[in-house]
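Observations on the three-dimensional arrangement
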Amino acid sequence: MVPFRKVLGPVVRLPVSKTASSSFEIVPRNTRLSVAPSSKAFPHLPDSYGEPWYSSKGNKGASLRVSFLGAYRSSLSSANVAFGRSIASYQRRAYSTKNHWSSLHLDASRSISRIEGSRAAFQHRQQLQHSRRIVVKLGSAVITRRDGYGLALGRLASIVEQVAELQNEGREMMMVTSGAVAFGKQKMAQELLMSLSMRETLSGKDNLRGEEVKSMLAPRASAAVGQSGLMSLYEAMFAQYGVKVAQILITKPDFYNNETRQNLISTINELIALNILPIINTNDAVTPPPDVDEEVSRKLDIRDNDSLAARLASEVETDLLILMTDVDGIFNKPPGEEGARLIDNFSPNMISSLEFGAKSNVGTGGMDSKVKAASWALERGTSVVICNGLAQGAIKGIVHGRKIGTFFTTSNSVGLEVEVLAKNARRGGRLLQSLNPEDRASAIMTLAELLETRQADILVANQRDLEEAEKTGLSAALKSRLRLTPAKLNSLADGLRQIASDSHDMVGRVLSKTLIAEGIELRKVTVPIGVLLVIFESRPDCLPQVAALAMATGNGLLLKGGKEAAHSNQALIELVKEALGTVGVAGAISMVTKRDDISDLLQLEEFIDLVIPRGSSDLVRTIQEQSQSIPVLGHAEGICHVYIDKDADLEKAVKIVRDAKCDYPSACNAMETLLIHEEIFKNSDLFTSVCQALQREGVQINAGPRLSKMLTFGPPVAKSFKVEFSDLECIIELVSDMDEAINHIHRFGSSHTDVIVTEDEAAADRFLNSVDSACVFHNVSSRFADGYRLGLGAEVGISTARIHARGPVGMEGLLTTKWILKGNYGVASEFTEGRRNFIHKKLPVETDFDLGSIHVEHESAQQ
């Protein structure tokens, strides 16, 4: 049991006075005790409880759970015990029940929002983590072997483990399970095989010989044989986690008779109060499998375990119903058919657009019955998820808000939302491409002006993000990335104006021309990549940069920013939309708001052409792992080096090192490792000067193994060279010569940016040509590895890839090419037969040839 003091989830806690019973009202609901905040004790609450109660963070309800006369009794305060007694007393008076309440471990648990007639399902997956009472329905296809004889024990063990862990967390778990028939069939098949010859000898008439009779009796007999074995198995499995279980067998009339229904609900609530997990199933030994074609009425006839679970969830006021089957969820058409797509969020009004396939061969209900049962439960305030029971960790993943299966919701913002955004980006990108360069540049200039004129609004939104970051304990490095200032916004506006100025000849630029044959000319021209998905963390300033680059190159764009910059990003995307609206393409760029949408977007290879993650190495690796079909452009780490050669200028070296580390330590182009030539280390005070400069900036220095041996009292030894600190911390190590420095960079670096400081031009050239990184600099800080500083206007990121773009990716990196072949007439067979000849003459790019005059020019050239 969970003590009174524990409330699931980060909800707003309601204060309980010493006289606890005056703080809450006890509301009867059937035979289940309901607890609601008293209007006298909490006058700020609305008079009517007709609407769901939410905390300030949007969490649905607040669960009150009182342990009375149980194992945690000693931990309760006197006020809580008094409250428990008042509840028990009320229970006895209200229902005139027997004195069994006095011996119960009473659980007065109920979501405050769930008052009579006011139950409302959760609207978003994230709210599912606050589910208190949960029903898990296991379909036959989940726990039954494919041959229908026996149970899939491995899958069942995984499910039991998840349910038990949730039960031990303090949630109220129930299971509706199939499997008795399959378990019984396994035993019956063995028995029939062994006794068939004996029965034939003793009796000339075998009651089980007729196929018609066998089909009627075998399932019921199998259920009767299998029920005891199934429950014994569940009891043994749950016992491993300290969870006690109880079996409840029901039939359809149990729900349609008022007295039996009340007794059923009372039994379930009493078991939950005793911290016993109810395991429920239809009694197939006396009730034959229902007619699959029977329509689900308003009362939802119990025709299979799906409808049973839905009816049960409604009767006992369950927060969440998980229907487990052998497919990933609801698809718009049968899985496996071309065009079939998983629907993540499902609204009942979408049911008419679905196309159902065949049901499983081991169950009594198909997917259509699950959808109808789920919709029925949703209508009565229970959230529902249909998921694949064969997937590992599905139950706990759903409860923790992960995007697993199909989530049923009454919200209108459901369906293929991310797909719609991607389609809009595709359509908008093509419209952008079709605009003349002046219009695209005009939209960028408008955005630059808005960054300046709406600066106050942007900074207010950013301040909200900073305040929330302070509350959540965001690291100093991330807060530095998050912060916007007037200087940053002005710099952004300047960068956008540079992009606008340089964008006029980006799209449609002719890269090469070739005269293929008489009257046939080939051109290679630049075109947009298509639709970009850019995912970034903490840095709202990159949003307008990336948006401007997409506008300049005619690409559609989807942006996903970090939640820590939610207010800033929203303010900025509104400006982007406003700027695009001036040229009629507002849908070309959109913001994706939910983290779970990323996994869906990474499956839309027909709409998204390139993914660019900007952020931590964990983020980049995660995106690279998840994106199976869409190329990913970026770098996982920014481990940048500065190498001070033996012929370096000491003053330059100190300034370059300080700038490379301290100018913006959280940036990916900040120095992480400083390599010093042993000769300059021994023969000058460079090391001391560098250390003093770094320490004045608050940099924590770590020593490499060789440096550590040279120092009597020095900094701590670095644990690893392959680390990106993204903070005021670095490593200093000694090398014997340039070759060792280059080898160190290749071994521990990330091919991002590496620097040599030297006055020896030959050594510098050798370093620049030998180091295999995206950016290699001589006597220049690594911080110059930036699109704006390199004259690109801005960048979508820095790529360490070797295909397509590398280094800071500006406008050119967001373009690809296509071949345009223009001719008066051309048939390949004429060239094959020798009637015409290829010329393949390179033409000057800046010259436009009139195809009509090409033949003449060629003829004159031949003459």
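As the structure is a computational prediction, the values presented were derived from the model and not from experiment.

Each helix and strand counted, the protein has 27 helices and 32 strands in total. Among the 863 residues that make up the protein, the fraction classed as buried is 53%. Taken as a whole, the protein presents about 38,200 Å² of accessible surface, with 50% of it coming from carbon and sulfur.

Taking burial as the measure, the eight residues of strand β17 (residues 510-517) include six buried ones, the bulk of the element. Of the pairings in the sheet, the one linking β17 to strand β18 (residues 520-528) comprises six bridges and is antiparallel in character. In the sheet register, Ser512 faces β18, and the bridge partner there is Lys524. Hairpin connection of β17 to β18: two residues between the antiparallel strands, including Gly519 at a positive phi of 80°. Bridge count between β17 and strand β32 (residues 841-843): three bridges; the pairing is antiparallel. Pairing of Thr514 across the sheet is with Lys842, part of β32.

Positive phi, normally seen in glycine, also occurs at Asn275, with a value near 65°. Given the relative accessible area of 28%, Asn275 is considered partly exposed. With a phi angle near 60°, Ser751 is a residue other than glycine that sits in the positive phi range. In this structure, Ser751 sits in the loop between α24 (738-748) and β27 (753-757).

What follows covers the nonpolar core. Within the largest apolar cluster, 54 residues are counted, with the highest numbers of intra-cluster contacts made by Met551, Leu557, Leu559, Val576 and Ile589. At the level of secondary structure, the elements contributing two or more residues to this core comprise α12 (437-453), α15 (486-502), β19 (531-536), α16 (542-553), β20 (556-560), α17 (566-581), β21 (589-591) and β22 (610-614). Ranked by residues supplied to this core, first place goes to α16 with nine residues. If you look at the next biggest cluster of nonpolar residues, it comprises 37 residues, including Ile248, Ile276, Met350 and Ile386.

Below, the discussion takes up the confidence of the model for the protein. Low pLDDT marks regions whose predicted coordinates should not be analysed in detail. Taken as a whole, the protein shows an average pLDDT of 78; of its residues, 73% reach a score of 70 or greater. Scored below 50 in pLDDT, residues 44-117 shows 170 contacts in the model against residues more than four places distant or in partner chains. In the model, residues 359-365 has pLDDT below 50 throughout and makes 21 contacts with residues more than four positions away in sequence or in other chains.

Attention now goes to the state of the cysteines. Taken as a whole, this structure holds zero disulfides when the rule is applied. We note that Cys730 lacks a disulfide partner, and the nearest cysteine sulfur, in Cys662, lies 7.9 Å from it. Classification of Cys730 as buried rests on a relative accessible area of 0%. Free cysteine: Cys775, not disulfide-bonded; nearest cysteine sulfur from Cys640 at 8.5 Å.

The next subject is the pattern of salt bridges. All chains considered together, the criterion is met by 33 salt bridges. Between Glu637 and Arg621 there is a salt bridge, with the nearest N and O atoms lying 3.2 Å from each other. Residue Glu637 is found in the loop between α19 (617-626) and β23 (640-644), and its partner Arg621 is found in helix α19; the two are separated by 16 residues along the sequence. Exposure remark for Glu637: the relative accessible area of 15% places this residue in the buried category. In this structure, Glu651 engages Lys655 in a salt bridge whose closest nitrogen and oxygen atoms are separated by 3.3 Å. With Glu651 and Lys655 both in helix α20 (residues 650-662), this residue pair falls four residues apart, about one helical turn. A single burial state applies to Glu651 and to Lys655, both of which are exposed. A network of salt bridges, in which partner residues are shared, links Lys137, Asp306 and Lys370.

The topology assignment puts Asp645 in the loop between β23 and α20. Comment: no salt bridge for buried Asp645; closest opposite-charge side chain is Lys646, at 5.4 Å. Only 2.7 Å separates the side chain of Asp645 from the side chain of Tyr643, close enough to count as a polar contact. Excluding residues within four positions of it along the chain, Asp645 makes contact with His677, Ile680, Val757, Thr758 and Ala763.

Take the sheet that holds β21 next. Taken in spatial order, the four strands line up as β21-β20-β19-β22 in an open sheet, and their pairing is parallel. The strands lining the two open edges of the sheet, one partner per strand, are β21 and β22. Strand-to-strand twist in this sheet, taken as the mean axis angle between neighbours without regard to direction, amounts to 15°. Relative to β21, β20 is paired through three bridges, and the arrangement is parallel. Directly across from Leu557, in β21, lies its bridge partner Ile589. This element, α17, spans β19, β20 and β21 of the sheet and lies at about 160° to β21.

The next thing to look at is the pairing of strand β7 (residues 133-138). On a regular strand, each side chain points to the face opposite its neighbour's, so the side chains alternate between the two faces of the sheet. β7 sits mainly inside the fold: six of its six residues count as buried. Side chains Arg133, Val135 and Lys137 of β7 all project onto a buried face; the interleaved residues Ile134, Val136 and Leu138 project onto the opposite face, where all are buried too.

Take helix α7 (residues 258-273) next. For α7, with 16 residues, the first-to-last C-alpha span of 22 Å sits near the 22 Å given by 1.5 Å per residue. Listing the buried residues of α7 in full gives Arg261, Gln262, Leu264, Ile265, Ser266, Ile268, Asn269, Leu271, Ile272 and Ala273.

Structurally, Ile143 can be placed in helix α2 (residues 140-143). Sequence separation between Ile143 and Ile159 is 16 residues; the distance between their C-alpha atoms is 9.3 Å.

Pairing in this open sheet of eight strands is mixed, and the strands run β9-β10-β8-β7-β11-β15-β16-β14 from one edge to the other. The outermost strands of the open sheet, each flanked by one partner alone, are β9 (244-250) and β14 (345-346). Bridging between β7 and strand β11 (residues 320-325) involves five bridges; their strand directions are parallel. Opposite Val135, over in β11, you have Leu321 as the bridge partner. Docked against the sheet, helix α3 (residues 153-168) engages β7, β8 (172-177), β10 (276-282) and β11, running at close to 155° with respect to β8.

Conventions adopted
- Residues numbered from 1 in each chain as written.
- Predicted model: local features only at pLDDT ≥ 70, side-chain atom pairs only at ≥ 80, totals over all residues.
- Heavy atoms only, no water.
- Helix = DSSP H or I, 4+ residues; strand = E, 2+ residues; numbered from the N terminus.
- Buried < 20%, exposed > 50% of the residue type's maximum accessible area, 1.4 Å probe, protein only.
- Areas by Shrake-Rupley, 256 points an atom, 1.4 Å probe, with all protein chains shown as cover.
- Pairing = 2+ DSSP bridges.
- Core = buried A, V, L, I, M, F, W, Y, C linked by side-chain atoms within 4.5 Å.
- pLDDT = per-residue confidence, 0-100.
- Contact = heavy atoms within 4.5 Å.
- Disulfide = S-S within 2.5 Å.
- Salt bridge = Lys/Arg side-chain N within 4 Å of Asp/Glu carboxyl O.
- Lys, Arg positive; Asp, Glu negative; His and termini not counted.
- Polar contact = N/O pair within 3.5 Å; in protein donor to acceptor, adjacent residues only side chain to side chain.
- Axes fitted to C-alpha atoms, helices over the stretch in contact; angles between N-to-C directions.
- Expected span 1.5 Å × (residues − 1).

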